[in-house]
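# Report on the structure
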Amino acid sequence: MQSFLLLLPDFALIALGAALRCYGRFGEGFWPGVERLVYFVLFPALLFNALARASVELSAMAPLFAVGLATLASGFALALLARPLMGLGPMAFASRVQCAYRFNTYIGIAVAGKVAGATGVATMGALCGAMVPFANMAAVGLLAHHGQGRLWRELARNPLILATVAGLLFNLAGGVLPAPTLPFLQRLADAAVTLGLLAVGAALRGGRHEGGWPGLLYLCGLKLLVLPAIAWGLAGLVGLAGVSFTVAVLFAALPTASSAYILAMRMGGDGLGVAWLISATTVAAAVTLTGWLAVLTHWGP
């Protein structure tokens, strides 16, 4: 119950975002504008602020990054096994595979902040920032082999990656943020979490989808149940403890990112099927994330 109450405000914001999109009468251009504001301004400010002020040691972060990368690779490999269950063509199947390993950074930052405060935000931000290039390369590589050139340009301009790198470099160089900038960045960070979760809710979609139910359930179960269990085992194997262990498991348990839908549509894939999986994993994560947090609280290292 305590874990549920801890995460309830965040998932209440997601539900509010879904309700506002349906009944708020904000117009078609409102929510895409909110998403751009969060993606290009607010979340980069949050990541830079957290990483610039955190106690960061790259040598200590290396095992966490290794666990995150191995978890992504496991999701990719295990998702390929779902091909006979899906009953889809190659492009539609490739579109859905990414739903087994891509992660929602907005929810990750919000949950990590609730569980471990500023240290949790910095740790989850660094992990998500480090894993974004690998998740994108895997998704684009499966959807279209000729997409590599465009992929590298997009990665080089990704605001979350740039903010993560800038924050880490500023921190490692011993930089100190001027006093007037601290409240400014903190206000942007506070707005990022709230508006980010509202945007996640507004992006939820249901409706028609193709393919068999066994394949859909397999991908959802893989993302929300199997990958966190794999991350738990790997984190224990490499000796992670405390916040790093918790963040590794919660990272693996995050629902699929809405960017998976954007990529599928941009490359001519199965956007409707991907949108359904994003919505299903996000709604189900209200239960599964609560469960993983309770398990971590009682049995974590």
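Residues numbered from 1 in each chain as written. Predicted model: local features only at pLDDT ≥ 70, side-chain atom pairs only at ≥ 80, totals over all residues. Heavy atoms only, no water.

### A short note on the packing of aromatic side chains
Definition in use: In summary, the pairing rule links any two rings of Phe, Tyr or Trp, Trp by its six-membered ring, whose centres are within 6.5 Å, and it sorts them by plane angle into stacked for under 30 degrees, edge-to-face for over 60 and tilted for everything else. Segments assigned H or I by DSSP are reported as helices when at least four residues long, segments assigned E as strands when at least two residues long, and all are numbered from the N terminus. Only protein chains enter the accessibility calculation, which uses a 1.4 Å probe. A residue is then buried if its area is under 20% of the maximum for its type, exposed if over 50%, and partly exposed in between.
Across all of its chains, the model carries 11 aromatic pairs by this definition. On the basis of an interplanar angle of 45° and a centroid distance of 4.5 Å, the ring pair of Phe43 and Tyr106 is categorised as tilted. Taken together, the residues span a long stretch of sequence, with Phe43 in helix 2 (residues 30–53) and Tyr106 in helix 6 (residues 105–143) at a distance of 63 residues. Accessibility expressed as a relative area gives 0% for Phe43, which makes it buried. When its relative accessible area of 13% is taken as the criterion, Tyr106 is described as buried. Relative to Phe251, the ring of Phe103 has its centre 4.7 Å away and its plane inclined at 55°; by these criteria the two rings are tilted. Of this pair, Phe103 sits in the loop between helix 5 (90–97) and helix 6 while Phe251 sits in helix 11 (residues 242–252), and the two are 148 residues apart along the sequence. Of the two residues examined, Phe103 and Phe251, each falls in the buried class.

### Structural notes on the nonpolar core
Inclusion rule: Among buried residues, the Ala, Val, Leu, Ile, Met, Phe, Trp, Tyr and Cys ones that are joined through side-chain atoms within 4.5 Å form a nonpolar core. We call two residues contacting when some pair of their heavy atoms lies within 4.5 Å.
Phe103, Ile107, Met124, Phe251 and Leu289 are the most contacted members of the largest nonpolar core, which totals 96 residues. Leaving out residues up to four positions away in the same chain, Ile107 has contacts with Ile14, Leu197, Val200, Leu254, Pro255, Thr282 and Leu289.

### Structural notes on the layout of surface pockets
What counts is decided by this rule: As defined here, a cavity is a set of points on a 1 Å grid over the protein atoms alone where a 1.4 Å probe fits but cannot get out. A pocket is an open set with protein on both sides within 12 Å along at least five of seven lines, and residues line them when an atom is within 4 Å of a point. Grid points are joined across faces, edges and corners, and a volume is the space filled by probe spheres set on the points. Following the grouping adopted for this structure description, the nonpolar residues are Ala, Val, Leu, Ile, Met, Phe, Trp, Tyr, Cys and Pro, the charged ones are Asp, Glu, Lys and Arg, and the polar ones are all others, Gly among them.
Reported here for the second largest pocket is a volume of approximately 510 Å³. In this structure, the second largest pocket is lined by 23 residues; those nearest its centre are Ala50, Ala118, Thr119, Val121 and Ala122. Listed by contribution, the elements that provide at least two residues to the lining of the second largest pocket are helix 2, helix 3 (58–80), helix 6 and helix 9 (181–202). The biggest single contributor to the lining of the second largest pocket is helix 6, with 7 residues. Its residues placed into classes, the lining of the second largest pocket shows 13 nonpolar, 7 polar and 3 charged.

### With respect to the pattern of salt bridges
Note the cut-off: Salt bridges are defined as contacts in which a side-chain nitrogen from Lys or Arg sits within 4 Å of a carboxyl oxygen from Asp or Glu.
For the coordinates displayed, the defined rule picks out 1 salt bridge. The residue Asp10 makes a salt bridge to Lys114 at a minimum N-O spacing of 3.5 Å. Here Asp10, found in helix 1 (residues 2–23), pairs with Lys114, found in helix 6; they are 104 residues apart in sequence, far enough to count as distant. What makes Lys114 partly exposed here is its relative accessible area of 35%.

### Details of the packing of helix 2 against helix 6
Our working definition: Geometry is summarised by axes, namely lines fitted to C-alpha atoms with helices restricted to the contacting stretch, and by angles between N-to-C directions that run from 0 to 180 degrees. Any angle between 65 and 115 degrees counts as roughly perpendicular, while under 35 counts as roughly parallel, over 145 as roughly antiparallel, and the rest as oblique. Should the near helix be turned counterclockwise from the far one by less than a right angle, the crossing is left-handed, whereas a clockwise turn marks it as right-handed.
At a minimum axis separation of 12 Å, helix 2 and helix 6 run at an interaxial angle of 15°. With respect to their mutual orientation, helix 2 and helix 6 come out roughly parallel. In terms of crossing hand, the pair formed by helix 2 and helix 6 is left-handed. Between helix 2 and helix 6, the contacting residues are Glu35, Val38, Tyr39, Phe43, Leu46, Leu47, Ala50 and Leu51 on the first element and Thr105, Tyr106, Ile109, Val121, Ala122, Gly125 and Ala126 on the second. Here the contact of helix 2 with helix 6 is composed, by residue class, of 12 nonpolar, 2 polar and 1 charged.

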